[in-house]
Amino acid sequence: MEVLKIYVNITEMNEVVSENTTVRMLLFDGYCVGAFFNGTILNGGVDTQKTGADGRTALSARYILQGRDSKNNSCRLFIENNAVTGEGTIYTRPKIVTDSSELKWLEKEELIGRIADEDGKLVIIIDKASDE
């Protein structure tokens, strides 16, 4: 079941390249649409990407969204989204913290995220890991 669909717009990239490691910090903004929450990414969203000599990349994105839950209450979500890339689709393990009583279940739910392209836009789709 789809929980959140987050459209990401990369606004800046900073990079350090050494002999064995490349580190990129991607700053971004964007917005989220869905049945449970709609809102925008606040300033300060960053995805840190560390690529080693083996070509694998560790990703760690952290950001806060401000918007409205399904009961139209104003609220915020903090999302930490981590993954290690291999080949093919990138799956992440998002963790969420919220001040919304309506969305508190997201803090305990096992979630899985994936990175997608939708008409040239970078999209993070967060689903429940299982549909029990």
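Enquirer: Just to check I follow, could you spell out the overall build of the chain for this structure?
Expert: When helices and strands are counted, the chain shows zero helices and nine strands. The linear arrangement of helices and strands in the chain, starting from the amino end, is β-β-β-β-β-β-β-β-β. A globule of 132 residues ought to have a C-alpha radius of gyration of about 14 Å, and the chain, at 15 Å, matches this closely. For the chain, the C-alpha atoms occupy an extent of roughly 50 × 35 × 30 Å along the three principal directions. The burial tally for the chain puts 36% of its 132 residues in the buried class.

Enquirer: What am I meant to see in the side chain of aspartate 69 here?
Expert: The residue aspartate 69 is located in strand 5 (residues 57-69) in this model. For the buried residue aspartate 69, which engages in no salt bridge, the nearest side chain bearing the opposite charge is arginine 68, 7.0 Å off. For aspartate 69, the side chain forms a polar contact with the main-chain nitrogen of lysine 71, separated by 2.9 Å. From its side chain, aspartate 69 meets the backbone nitrogen of asparagine 73 in a polar contact 3.0 Å long. Beyond its immediate chain neighbours, meaning those up to four positions away, aspartate 69 contacts Phe36, Phe37, Cys75, Ser100, Glu102 and Leu103.

Enquirer: So what exactly am I meant to see when it comes to the nonpolar core here?
Expert: The biggest cluster of nonpolar side chains holds 20 residues, and the ones touching the most others in it are Leu4, Ile6, Phe37, Tyr63, Leu65 and Ile79. Every element with two or more residues in this core is listed here: strand 1 (2-17), strand 2 (22-33), strand 3 (37-41), strand 5, strand 6 (74-84) and strand 9 (121-128). With four residues, strand 1 is the single largest residue contributor to this core. For isoleucine 6, the residues in contact, after removing those within four places along its chain, are Tyr31, Cys32, Ile41, Tyr63, Ile79, Leu122, Val123, Ile124 and Ile126.

Enquirer: Which parts of the structure should I look at to understand the packing of aromatic side chains?
Expert: Each pair of aromatic rings is reported with the distance of its centres and the angle of its planes. Scanning all chains against the criterion turns up three aromatic pairs. With a centroid separation of 4.9 Å and an interplanar angle of 15°, the aromatic rings of tyrosine 7 and tyrosine 31 are classed as stacked. Remark: tyrosine 31 occurs in strand 2 and tyrosine 7 occurs in strand 1; sequence separation between them is 24 residues. The class for tyrosine 31 is partly exposed, based on a relative accessible area of 36%. Ring centres of phenylalanine 28 and tyrosine 63 lie 5.3 Å apart, and the angle between their planes is 75°; this geometry places the pair in the edge-to-face category. Of the two residues, phenylalanine 28 is situated in strand 2 and tyrosine 63 in strand 5; the sequence distance between them amounts to 35 residues. The exposure classification of phenylalanine 28 matches that of tyrosine 63, with both residues buried.

About the thresholds
Residues numbered from 1 in each chain as written. Predicted model: local features only at pLDDT ≥ 70, side-chain atom pairs only at ≥ 80, totals over all residues. Heavy atoms only, no water. Helix = DSSP H or I, 4+ residues; strand = E, 2+ residues; numbered from the N terminus. Rg over C-alpha atoms; globule rule 2.2 N^0.38 Å. Buried < 20%, exposed > 50% of the residue type's maximum accessible area, 1.4 Å probe, protein only. Lys, Arg positive; Asp, Glu negative; His and termini not counted. Salt bridge = Lys/Arg side-chain N within 4 Å of Asp/Glu carboxyl O. Polar contact = N/O pair within 3.5 Å; in protein donor to acceptor, adjacent residues only side chain to side chain. Contact = heavy atoms within 4.5 Å. Core = buried A, V, L, I, M, F, W, Y, C linked by side-chain atoms within 4.5 Å. Phe/Tyr/Trp six-rings, centres within 6.5 Å; stacked < 30°, edge-to-face > 60°.

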